[in-house]
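Chains, contacts and geometry: an overview
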Amino acid sequence: MKKTSLFILVTTALILSGCALLMGTSMRPIVLGKMMIYFRATTSKIYIATEMPEKLEIDTPFDANGQFYYKDAVHDTTLSMATVTLQAADLKMLFFLFSYSKASRNNPEIFPNDISDSLKTLRPFVAFDKYFGESSDNDLTSIIYNSEAHYAYKCITRKLEDGSPEDVCGASRLTDKGNIILVIMSSVAFDANVRVELLEAINSVEFKN
């Protein structure tokens, strides 16, 4: 099965389409299946909460008082997957949460099951090479692994079709329940610190029992 198989599964599971939102202090929760987008009163920052395939919350860089968009929202119990894309004028954030074991059954070449937990955090960079270039086993040395927080991340600058540069950073984390959290952030704005925003998001993950 090709590396893009996970994208095909996401596409076939797509249940909600994009929607433009202008947020203010009266923002109401956006409920997408068992996934919710809301804001914290203490920070006015948007967060994502989901129960599929496990219950957790993750903070985003987006301000509830500003304008942002959500699209490509998927909550699929069959695939044990939750994904959503949030985007403002100068920053895009893709959030994925999926079962590594199910990904391994669907695509064992890309998601081998007989490897260490630390190596499992690197496999999404191969599966999602659409964002990180032609990633392969030989290209994983450019990924930084945080052994204390149990996540790996990689940042690159790539050229778009019009020749303009885009900063892209991704972080992957294997949870105690064997699921993968993958966050990808990208921006074409010169003053956007994508790496800082990414690490703040992946470090903000809070598991709920």
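Scroll up for the structure.
To start, this report covers the structure provided alongside it. Quantities reported herein were computed from a predicted structural model and do not represent experimental measurements.

Time to look at the overall build of the protein chain. Helix and strand counts for the protein chain stand at six helices and 13 strands. In the protein chain, of all internal contacts separated by at least 6 residues, the share reaching a separation of at least 24 is 53%.

Turning next to the side chain of Thr175. For Thr175, the location among the structural elements is in the loop between strand E11 (165-174) and strand E12 (179-187). Discounting chain neighbours no more than four positions away, the residues touching Thr175 are Glu54, Ile181 and Phe207.

We now examine the pattern of salt bridges. According to the stated counting rule, one finds five salt bridges in the structure shown. With its nearest N and O atoms 2.7 Å apart, the salt bridge here joins Asp59 to Arg40. Of this pair, Asp59 sits in strand E5 (residues 56-63) while Arg40 sits in the loop between strand E3 (35-39) and strand E4 (45-50); the two residues are 19 residues apart in sequence, bridging distant segments of the chain. Its relative accessible area of 22% is what places Arg40 among the partly exposed residues. A salt bridge links Glu166 to Arg158; the nearest nitrogen and oxygen atoms lie 2.8 Å apart.

Right, let's get into the packing of aromatic side chains. Inspection of every chain in the model, using the stated rule, returns seven aromatic pairs. In textbook terms, an aromatic cluster arises when at least three aromatic residues are bridged by ring pairs, as seen for Phe98, Tyr100 and Phe111.

With an omega of 0 degrees, the peptide bond between Met52 and Pro53 qualifies as cis. Considering the arrangement of structural elements, one finds Pro53 in the loop between E4 and E5. Although it is not a glycine, Ser44 adopts a positive phi angle of roughly 60 degrees. Assignment of secondary structure puts Ser44 in the loop between E3 and E4. Relative accessible area serves as the criterion here: at 22%, Ser44 is assigned to the partly exposed category. Phi at Ser80 takes a positive value of approximately 50 degrees, unusual for a residue other than glycine. As for its position among the elements, Ser80 is in the loop between strand E6 (67-76) and strand E7 (81-87).

Under the defined criterion, the tally for this structure stands at one disulfide. Disulfide pairing places Cys155 opposite Cys169 at an S-S distance of 2.0 Å. The chirality of the disulfide connecting Cys155 with Cys169 is right-handed, given an S-S dihedral of about 115 degrees. Here Cys155, found in strand E10 (residues 151-159), pairs with Cys169, found in strand E11; they are 14 residues apart in sequence, far enough to count as distant. With a relative accessible area of 34%, Cys155 lands in the partly exposed category. Judged by its relative accessible area of 3%, Cys169 falls in the buried class.

Turning to helix H6 (residues 194-203), its buried residues are Val194, Leu198, Leu199, Ala201 and Ile202. Along H6, the residues classed as buried sweep out an arc of 160 degrees about the axis, all on the same side. If you follow the buried residues of H6, they end up packed against E5, E10, E11 and E12.

Within the secondary structure, Thr83 is located in strand E7. A polar contact is formed between the side chain of Thr83 and the backbone oxygen of Asp72, at a distance of 3.4 Å.

Moving on, we get to the sheet that holds strand E2 (residues 30-32). One open sheet holds the five strands; their spatial order is E2-E3-E4-E5-E13, and the pairing between them is antiparallel. Where the open sheet ends on each side, the last strands, each with one partner, are E2 and strand E13 (206-207). As defined by bridge partners, E3 adjoins E4 across five bridges and the pair is classed as antiparallel. Note on E4: the bridge partner recorded for Ile37 is Ile48.

Within the secondary structure, Tyr70 sits in strand E6. On a C-alpha basis, the gap between Tyr70 and Leu86 in space is 4.5 Å, while along the polypeptide they are 16 residues apart.

What counts, and where the lines are drawn
Residues numbered from 1 in each chain as written. Predicted model: local features only at pLDDT ≥ 70, side-chain atom pairs only at ≥ 80, totals over all residues. Heavy atoms only, no water. Helix = DSSP H or I, 4+ residues; strand = E, 2+ residues; numbered from the N terminus. Contact = heavy atoms within 4.5 Å. Salt bridge = Lys/Arg side-chain N within 4 Å of Asp/Glu carboxyl O. Buried < 20%, exposed > 50% of the residue type's maximum accessible area, 1.4 Å probe, protein only. Phe/Tyr/Trp six-rings, centres within 6.5 Å; stacked < 30°, edge-to-face > 60°. Disulfide = S-S within 2.5 Å. Arc of directions from axis to C-beta. Polar contact = N/O pair within 3.5 Å; in protein donor to acceptor, adjacent residues only side chain to side chain. Pairing = 2+ DSSP bridges.

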